[in-house]
Amino acid sequence: MAIIMNIDVMLAKRKMQSKELAEKLDITPANLSILKTGKAKGIRFDTLEGICKILDCQPGDILEYVPDK
Amino acid sequence: MPNHFFAKSLYYFTRLLAALYLLTWAHATTAMVFKTAALHLTENGERFEIFLPFSQSAFLLGDYNWYYIVFDFLAILLLYGLFFLLLGNVFYAFMQPKLFTAKGYAHLRNFYLFNLLLPVAALIVTAIFSTMEMTVVVIVVLHLVIGIFAYFLAAIFKQGLNLQTEQDLII
């Protein structure tokens, strides 16, 4: 997948654990892990909005395009 | 929901039929193997009767020879017990809140494999050891039709399962 999510970087900056973010987003830790490891097929806008709100960031801070080689 | 009501009703009905067939098979097998009081031979040992448990009422009859007992009697009871058990599993899949699941697909796959393979195998064995009747051929063909229908239903379920999995991966 060419789009990767850099949630771990923002979590470290905000000193927050994955479990806490999952609880605040109301998604399972397993689904958050799917997002972080790039196995997700897509992300809903309301989930993206929730991540940006909780981590106080912009979508561009957590979404990155890395072309497939 | 109406479709859940039908699936639930059919599930319990097929479970009841499966239990009846399998209990009958167990009772008949026990009677034959251990020559219990439930087994009664008639016509100079040419025919048999099996009584209902704890009664003198005959409810199963047949020819008293090993190939009839094994292939035309006990095997049929066991196979139809399994048929209704597997059919019940298919209805169980339709009872679930989520229709396209790996378990649901597995139930359908087991059902179509059973209907495509076992009746034909039973027919071949019957043809070798006993006399093949037209009624039996018709029943085997009916099971093949059911198996083919279930095969296509399983293919739809597989596609649905793939779409469901992909949908679940949109977080």
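Model, not experiment: these values are computed from the prediction.

Draft legend 1. Structural context of the interface of chain B and chain A. Each partner contributes to the interface: chain B provides five residues, whereas chain A provides 11 residues. When the two sides are added together, the surface that chain B and chain A hide from each other amounts to roughly 720 Å², 62% of it contributed by carbon and sulfur. Looking at the side of chain B facing chain A, the largest losses of area belong to B:Leu169, B:Ile170 and B:Ile171, adding up to 84% of the total buried there. At the surface where chain B touches chain A, the tally comes to zero salt bridges. A per-class count over the side of chain B that touches chain A returns three nonpolar, one polar and one charged.

Draft legend 2. Summary view of the packing of helix H3 (residues 102-129) of chain B against helix H4 (residues 134-168) of chain B. All names here are of chain B. At a minimum axis separation of 8 Å, H3 and H4 run at an interaxial angle of 160°. Classified by the angle between their axes, H3 and H4 sit roughly antiparallel to one another. Seen along the crossing, H3 lies across H4 with a hand that is left-handed. Tallied by class, residues from the contact of H3 with H4 come to 21 nonpolar, four polar and one charged.

Draft legend 3. The nonpolar core, seen in detail. A:Ile7, A:Leu21, A:Leu32, A:Leu35, A:Ile51, A:Leu55 and A:Ile62 are the most contacted members of the largest nonpolar core, which totals 20 residues. Elements supplying a minimum of two residues to this core: helix H1 (7-13), helix H2 (18-25), helix H3 (29-36) and helix H4 (45-55) of chain A. The leading source of residues in this core is H4(A), at four residues. If sequence neighbours within four positions are ignored, A:Leu32 has contacts with A:Ile7, A:Ser18, A:Leu21, A:Ala22, A:Leu25 and A:Ile27. If you look at the next biggest cluster of nonpolar residues, it comprises 19 residues, including B:Ala7, B:Leu86, B:Phe91 and B:Tyr105.

So, how was this worked out
- Residues numbered from 1 in each chain as written.
- Chains lettered and ligands numbered in written order.
- Predicted model: local features only at pLDDT ≥ 70, side-chain atom pairs only at ≥ 80, totals over all residues.
- Heavy atoms only, no water.
- Contact = heavy atoms within 4.5 Å.
- Buried area = accessible area lost by both parts, 1.4 Å probe.
- Salt bridge = Lys/Arg side-chain N within 4 Å of Asp/Glu carboxyl O.
- Nonpolar A, V, L, I, M, F, W, Y, C, P; charged D, E, K, R; others polar.
- Axes fitted to C-alpha atoms, helices over the stretch in contact; angles between N-to-C directions.
- Helix = DSSP H or I, 4+ residues; strand = E, 2+ residues; numbered from the N terminus.
- Parallel < 35°, antiparallel > 145°, perpendicular 65-115°, else oblique.
- Left-handed = near helix turned anticlockwise from the far one by under 90°.
- Core = buried A, V, L, I, M, F, W, Y, C linked by side-chain atoms within 4.5 Å.
- Buried < 20%, exposed > 50% of the residue type's maximum accessible area, 1.4 Å probe, protein only.

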